[in-house]
Amino acid sequence: MSLALYRTYRPARLADVVGQEHITMPLARALDNDRLHHAYLFSGPRGCGKTSTARIMARSLNCEQGPTSKPCGACQSCVDLTAGGPGSIDVIELDAASHGGVDDTRDLRERAMFAPASSRYKIYIIDEAHMVSTAGFNALLKLVEEPPEHVRFIFATTDPDKVLTTIRSRTHNYAFRLVGNKDLQKHLASICEAEDVSAEPAALALVARAGAGSVRDSLSILGQVIAGSGTDGVTYAEVAGQLGVTESVVLDATIEAIANRDGAALFDVVEGVVDSGHEPRRFVSDLLERMRDVIVVQSVPDAVQRGLVDTPDDEAQQIVAQAELLGPAEASRAADVISRSLGELKGATAPRLRLEIMAARLLVPSAERSDVGALARIEHLEKALASGARGAEATASTQAATQAPTDVATELTPKASTQDSTISTTPRKSKPATKASAAPPPPKISEVAPSTAMDADAESSEAGATADPDSSGNSESADSSETSGAPTHDAKPATTTSTVSAADSDITLEGFVTMWPAVMDTLSRTRVAWVLFNDSRPVSWSDGVLAVAVDSPGKVANAASSGHDEKLRAAIADTLKVDLRVDVVVASTANAPASGTSEANSSSNDPADAPSVDDVNVDDISGVDLVMREMGATQIGEIEH
Ligand SMILES: [Zn+2]
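Below or above, wherever it landed, is the structure these notes cover. Quick caveat: nothing in here was measured; it's all calculated off a predicted structure. (Residues numbered from 1 in each chain as written. Predicted model: local features only at pLDDT ≥ 70, side-chain atom pairs only at ≥ 80, totals over all residues. Heavy atoms only, no water.)

## Thoughts on the packing of helix H15 (residues 280-299) against helix H17 (residues 313-325)
Inference 1: Look at H15 against H17: their axes get within 9 Å of each other, and the N-to-C directions meet at 70°. Between H15 and H17, the crossing angle belongs to the class labelled roughly perpendicular. The two elements H15 and H17 meet at a crossing, and its hand is right-handed. Every residue of H17 that contacts H15 at Arg290, Asp293, Val294, Val297 and Gln298 is listed here: Glu315, Ile319, Val320, Gln322 and Ala323.
Inference 2: Along the lines of polarity and charge, the residues of the contact of H15 with H17 split into five nonpolar, two polar and three charged. (Axes fitted to C-alpha atoms, helices over the stretch in contact; angles between N-to-C directions. Helix = DSSP H or I, 4+ residues; strand = E, 2+ residues; numbered from the N terminus. Parallel < 35°, antiparallel > 145°, perpendicular 65-115°, else oblique. Left-handed = near helix turned anticlockwise from the far one by under 90°. Contact = heavy atoms within 4.5 Å. Nonpolar A, V, L, I, M, F, W, Y, C, P; charged D, E, K, R; others polar.)

Quick look at the structure:
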């Protein structure tokens, strides 16, 4: 059995060309309707079917039954031009890389004048057309512009931008593209069937990925793995081994280490990768692919069922678990870091060092000054709190390598029971925690957990059980509007399982402010809406209408016209179980009246309560305070300039 599959399975008709329907269909119609041009330019990446298509065109043009999109395969011309056939004297293939000079083209010009020996057309297929020299092409210019009736040109190139404009303007241009993984996989499966070799779909997906959109490369790889396959046929494990793909367990360990900020584990992985002789670039590129899968699963919950993630079932389960472990912002930030490292690894002299630097960057998003880095920190904090609530000590879940996030998480426990003034330093948690003087801290934290984890089913019932029934009962009787009693109230919606209407809810504006990061987290599932609202904040709350301030009038208009305000409403309902109306306003104009009402309410009704975010003039507080208050940061020192 010959395993030069790409030669054995070279397409014979336009309809057989894989993944280039946008080109083969119009060409087939042009052939059948006899609307042919005298010169074509096929451009596109290597191995995606340009030369094959050019040969099929020649065959279609010269078939005795033709020109036709379905060459008969029986006439002399068809037989001569069949894949692996002797070729036809009237179809001349030239490689411009070696025959693009002026002498070659003059020669071509002279011979083109003679009529074809036995076929309808004399067809020149000129490969690597961008290599034709200017002088060479000038010699051809007249011929390509107005060739004799019996001459046809097909130029092919990987680099259309470098093709002389004089060629481009005289040809019909068709841009070939990389073949999609799905098409490639289907093609590979059909070839395995024809070769009578059994193959696991996930194994073929791996081959297609390695082929990177090139049919020729994919078939070469397939030939290799078929040759090396055992009695089980082509299996995922075999292919992964042969292609040097990073083992799934290594990737699992890496992702888990990133999610847990476990420096020791992450550097162990790097050590292992280097020691086992893995190609560092390969590892990083596989890690990037995995991160891509994680991101896809985060954005599309049924991605595995939809076939957006091509992996064996057990690995898919891992990916789904990892998608929950990492927050969306953290995953996308990690993907950025990995992608950058992949670029830096190219030709790097110290790949191990590069890997370690990548690991360090992955571990410390707090060093990242971007919004995404900040968001990643918030996500991690929430995770730390949620896992702390899960029963164990908050400290147990966070590993040694973590610095700032751990500190904040552990600090929260004592702070929760004693602290009562700087409520807003940790927007989402400290509110309910202030009430903790009446109850032991641990249940309080767990009371908060489900809201950050967004009704993680099992936990919400657990939390419902641990929540102090007295405190919520008290606060309900104490008041009925949004005026006061914030501490216990904002915990309440989190523990209820179904949405309550705004009128029935006793959530306060402060409650919204406190829970806003969690709402944003929910909203981040809808990327565009999140971008619009990520720096928004609730500014007033009355009669079931929550005014949300954004920083520009453009965003207000955008929110209404795009329907993203509806997405925000849904995210609030989802997170806080409150059904309300959202009014998007511009920050500066909305501030005055909004904070006015809330101030009046909170200060008159509940003077003992801590100031809300709106009570303090933002200009009066330092940047450090702002970061601490808005993002739950911990100050670890100050650098003098
Ligand atoms: Zn024929």
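## So, the coordination of the zinc ion
Inference 1: Taken together, the protein ligands of the zinc ion are Cys63 (SG), Cys72 (SG), Cys75 (SG) and Cys78 (SG), with distances of 2.2 to 2.3 Å.
Inference 2: For the zinc ion, the four donor atoms are set out with angles of 101 to 122° between them, so the coordination reads as tetrahedral.
Inference 3: Ordering the donors of the zinc ion by residue number gives the pattern C-x8-C-x2-C-x2-C.
Inference 4: The class for Cys72 is partly exposed, based on a relative accessible area of 33%. (Donors = N, O, S within 2.8 Å, 3.2 Å for Na, K, Ca; no water. Tetrahedral: all angles 85-135°; square planar, octahedral: opposite > 155°, others 65-115°. Buried < 20%, exposed > 50% of the residue type's maximum accessible area, 1.4 Å probe, protein only.)

## What about the nonpolar core?
Inference 1: Grouped together as the largest cluster of nonpolar side chains are 34 residues, with contacts concentrated most on Phe283, Val284, Met291, Leu326, Leu355, Met358 and Leu362.
Inference 2: For this core, the elements supplying multiple residues, two or more each, are helix H13 (248-260), helix H14 (263-275), H15, H17, helix H18 (328-345) and helix H19 (351-363).
Inference 3: In this view, Met358 contacts Phe283, Val284, Leu287, Val337, Ile338 and Ser341; residues no more than four positions away in its chain are not counted.
Inference 4: Within the second largest apolar cluster, 29 residues are counted, among which are Leu375, Ala529, Leu580 and Val584. (Core = buried A, V, L, I, M, F, W, Y, C linked by side-chain atoms within 4.5 Å.)

## Here we look at the packing of aromatic side chains
Inference 1: Inspection of every chain in the model, using the stated rule, returns seven aromatic pairs.
Inference 2: Ring geometry for Phe512 and Trp541: centres 4.8 Å apart, planes at 70°, overall edge-to-face. Here Phe512 is found in helix H29 (residues 509-523), whereas its partner Trp541 is found in strand S7 (residues 537-542), with 29 residues between them in sequence. Side by side, Phe512 and Trp541 carry an identical accessibility label, which is buried.
Inference 3: Three or more aromatic residues link up through ring pairs in this structure, and these residues are Tyr40, Phe42, Tyr174 and Phe176. (Phe/Tyr/Trp six-rings, centres within 6.5 Å; stacked < 30°, edge-to-face > 60°.)

## Some thoughts on the sheet that holds strand S8 (residues 545-550)
Inference 1: The mixed open sheet is built from three strands, whose spatial order is S7-S8-S10. With partners counted over all chains shown, the strands left at the sheet margins are S7 and strand S10 (581-586), one partner each. Strand-to-strand twist in this sheet, taken as the mean axis angle between neighbours without regard to direction, amounts to 25°.
Inference 2: Summarising the sheet, S7 and S8 pair through five bridges and their orientation is antiparallel. Residue pairing across strands places Trp541 opposite Leu546, the latter belonging to S8.
Inference 3: Along the sheet, helix H31 (residues 553-562) makes contact with S8 and S10, crossing S10 at roughly 155°.
Inference 4: Across the sheet, helix H32 (residues 564-576) lies against S8 and S10, angled at about 125° from S10, the strand it touches most. (Pairing = 2+ DSSP bridges.)

## With respect to the side chain of His187
Inference 1: Along the chain, the position of His187 falls in helix H9 (residues 181-195).
Inference 2: The residues touching His187, leaving out its near neighbours within four places in the chain, are Val18, Val215 and Leu219.

## A closer look at H32
Inference 1: A rise of 1.5 Å per residue sets the reference length of H32, with its 13 residues, at 18 Å; its end C-alpha atoms lie 18 Å apart and thus fit the reference within 8%.
Inference 2: Buried within H32 we find His564, Leu568, Ala571, Ile572, Ala573, Thr575 and Leu576.
Inference 3: With its phi angle positive at about 60°, Lys577 sits one or two positions after the end of H32. (Expected span 1.5 Å × (residues − 1).)

Honestly, that's just the spatial picture; any functional story needs more than this.
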